[in-house]
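# A closer look at the structure
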Amino acid sequence: MILAVRRSALPGFKPAFGVTLLWLSLIVLLPLVALVIRPWELGISGVWASVTEPRVLAALRLSFGGAAVAALFNVPFGLLVAWVMVRYQFPGRNLADSLIDMPLALPTAVAGIALTALFAPKGWIGSLLLPLGVKVAYTPLGVIIAMIFVGLPFVVRTLEPIVMDLPAEAEEAAATLGATRGQIMRRVVLPALVPGLLAGFGAALARGVGEYGSVIFIAGNMPMISEIAPLLIVIRLEQLDYAGAAAVGMVMLLVSFAILMLLNMLEHRMSRGR
Amino acid sequence: MNRSATQESRSVQAVLIVLTIGLLVAFLLLPLVVVFTQALKDGLAGVLDALSQPDALAAIRLTLLVAAISVPLNAACGLAAAWCVSRFQFRGRNLLITLIELPFSVSPVISGLVWVLLFGASGWFGPFLSQHGIRIIFAVPGLVLATVFVTFPYVARTLIPLMEQQGSAEEEAALTLGAGLWQMLWHVTLPNIGWGLLYGVLLCNARAMGEFGAVAVVSGHIRGQTMTMPLQVEALFNDYDWIGAFSIAGLLALLALVTLVFKAILEWRLERRSGGLL
């Protein structure tokens, strides 16, 4: 056995590890291998042609671009929520805390039709925005709104423990040296939060890129305009274009992982630099 | 020391709190409220009527069936995975954790797509399956596989931090006193992790019953046969049957609420217990 098990007097490693590895291989790894291999049935030029079709590029741009915009919105929004939840006491705080997990618990299809009903021209929020000339439902803006909804808890839950662990001494020392609250926030608190903000941004982005259920109802799904990449996979599968569907899936996965690794490295360098 | 430099002023605090509550209500609470108001537009009778339609009942039954198969499988494997990761140091441990969490970072649609690539009509094993008259895609086994893929990480993810924090001292004591592996698991490990395990199973179940993207790809949308509750919601919504769609959505939203309430209770229990110890 190549596995060097150290520091444990407990039994049961081998069976537990065996079960885990077997299950993981059958349920997660084998299927993902298929995803990475099947596109190449088209040949290299075929894969390239398949993923550079204008409609595919537009969908990828919307999925990644929309998720990035939503995550960018969620960074300050999530920071505000995390800060208020950790630092302040107010009535209804526990309720608000449960509410933050709502997008994680609510099935995506339910969130999707609820957001559509809210932001449709006749909906509670949509009817308020219509006189302002803002159309949300059935536009790319609707896609972003849905991605904000599903991404928020990732930023808040990433930041909360970091805000909680901010050393009070640093803020006190800065105050003793005569810094104002604004200066302390800018020069002491925010720099300490940057790695957490990056991690939260990455988690929200990853969720938004792959999001399907909460987006497709409010998106309107017009090709080239409000069609997301996961929907294009569904459409290609319906046309029995397995390799083409797998090609889009593979590109989505590879780009997501590349972005997450980049953010991870950045985060690492930031937290080591201090 | 200047107090106002380590804390926001009262008025700033009030503004931030109001802003936070306003944003949370608009973005997170309103969608939930909308589900119930839309469902109840024609009163409770409309909801009951919508939920007693044969297709709705079939969707509820299928959702329960798929969850009843997937959740126990993932609970058992999640427990095994948590035991390895939290109790042993071995090479590749971090890789194993990454792989366990991998389904979280895969789009739900891709989680369904991979099974079509394997078992669909022109999938790798498709010809073999059709020769032997076995249906996986557009049938219950496909729905189960897609659900198992997306819910795989939940139990292990919930248990690993809890078990790492508890440490293995009590288990080692049980072994020293002559307990066997199963005795130790049954009398020491399970009672210790009981609430965490229950919460992990509940999260796993909530996702299993609410999963949409992955099952949408493998279901084939055969009404009354391969439609789970979220898929039925989509079908009814696209048919402009809003009361029907929001009634089933309301059931799913209730499940989400139960999960959140349970989480709150669990956190309160854990806080109280650790508070008692300190």
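Residues numbered from 1 in each chain as written. Chains lettered and ligands numbered in written order. Predicted model: local features only at pLDDT ≥ 70, side-chain atom pairs only at ≥ 80, totals over all residues. Heavy atoms only, no water.

### Here we look at the overall build of chain A
Looking only at helices and strands, one finds 13 helices and zero strands in chain A. Its helices and strands in sequence order give chain A the pattern α-α-α-α-α-α-α-α-α-α-α-α-α, from N to C terminus. Each of the 274 residues in chain A was classed as buried or not, and the buried ones make up 54%. When contacts within chain A are restricted to residue pairs at least 6 apart in sequence, those whose partners lie at least 24 apart make up 73%. About 12300 Å² of surface is accessible on chain A, with carbon and sulfur atoms providing 69% of the total. (Helix = DSSP H or I, 4+ residues; strand = E, 2+ residues; numbered from the N terminus. Buried < 20%, exposed > 50% of the residue type's maximum accessible area, 1.4 Å probe, protein only. Contact = heavy atoms within 4.5 Å. Areas by Shrake-Rupley, 256 points an atom, 1.4 Å probe, with all protein chains shown as cover.)

### Description of the nonpolar core
For soluble globular proteins, nonpolar side chains are generally found buried alongside one another. If you look at the biggest cluster of nonpolar residues, it comprises 189 residues, and the most contacted ones within it are Leu-35, Leu-106 and Tyr-212 of chain A together with Trp-115 of chain B. Of the residues forming this core, the biggest block, 17 residues, is contributed by helix H3 (residues 54–87) of chain A. With residues up to four places along the chain from it excluded, the contact list for Leu-35 of chain A reads Ala-246, Gly-249, Met-250 and Leu-253 of chain A together with Ile-110, Leu-113, Val-114 and Leu-117 of chain B. (Core = buried A, V, L, I, M, F, W, Y, C linked by side-chain atoms within 4.5 Å.)

### Quick notes on the environment of Leu-152 of chain A
Along the polypeptide, Leu-152 of chain A turns up in helix H8 (residues 140–164). The class for Leu-152 of chain A is buried, based on a relative accessible area of 1%. Apart from residues lying up to four places away in sequence, Leu-152 of chain A is in contact with Asn-74, Phe-77 and Gly-78 of chain A together with Leu-24 and Leu-28 of chain B.

### A few points about a nonpolar patch on the surface
A cluster of nonpolar residues, Leu-22, Leu-26, Leu-30, Val-33, Val-36, Ile-37, Trp-40 and Ile-44 of chain A together with Trp-124 and Phe-125 of chain B, forms a patch on the protein surface that exposes about 930 Å² of accessible area. The element that contributes the greatest number of residues to the nonpolar patch is helix H1 (residues 13–37) of chain A, accounting for six residues. Mapped onto the elements, Leu-30 of chain A comes out in helix H1. (Patch = residues over 30% accessible without salt bridge, like charges linked within 9 Å, V, L, I, M, F, W, Y side chains within 5 Å. Salt bridge = Lys/Arg side-chain N within 4 Å of Asp/Glu carboxyl O.)

### Focus: the pattern of salt bridges
For the structure on display, the rule yields 18 salt bridges over all chains. Put simply, Glu-8 of chain B and Arg-181 of chain A hold a salt bridge, and the shortest N to O gap is 2.9 Å. One end of the pair, Glu-8 of chain B, is in the segment before helix H1 (10–39); the other, Arg-181 of chain A, is in helix H10 (residues 181–210), on a second chain. Each member of the pair, Glu-8 of chain B as well as Arg-181 of chain A, carries the same accessibility label: buried. Ionic pairing is found between Glu-267 of chain B and Lys-263 of chain B, a salt bridge with its closest N-O pair at 3.4 Å. Pair noted here: Glu-267 of chain B and Lys-263 of chain B are both in helix H13 (residues 242–277), with a separation of four residues, about one helical turn. Using a relative accessible area of 33% as the deciding quantity, one classes Glu-267 of chain B as partly exposed. You can call Lys-263 of chain B buried: its relative accessible area is 15%.

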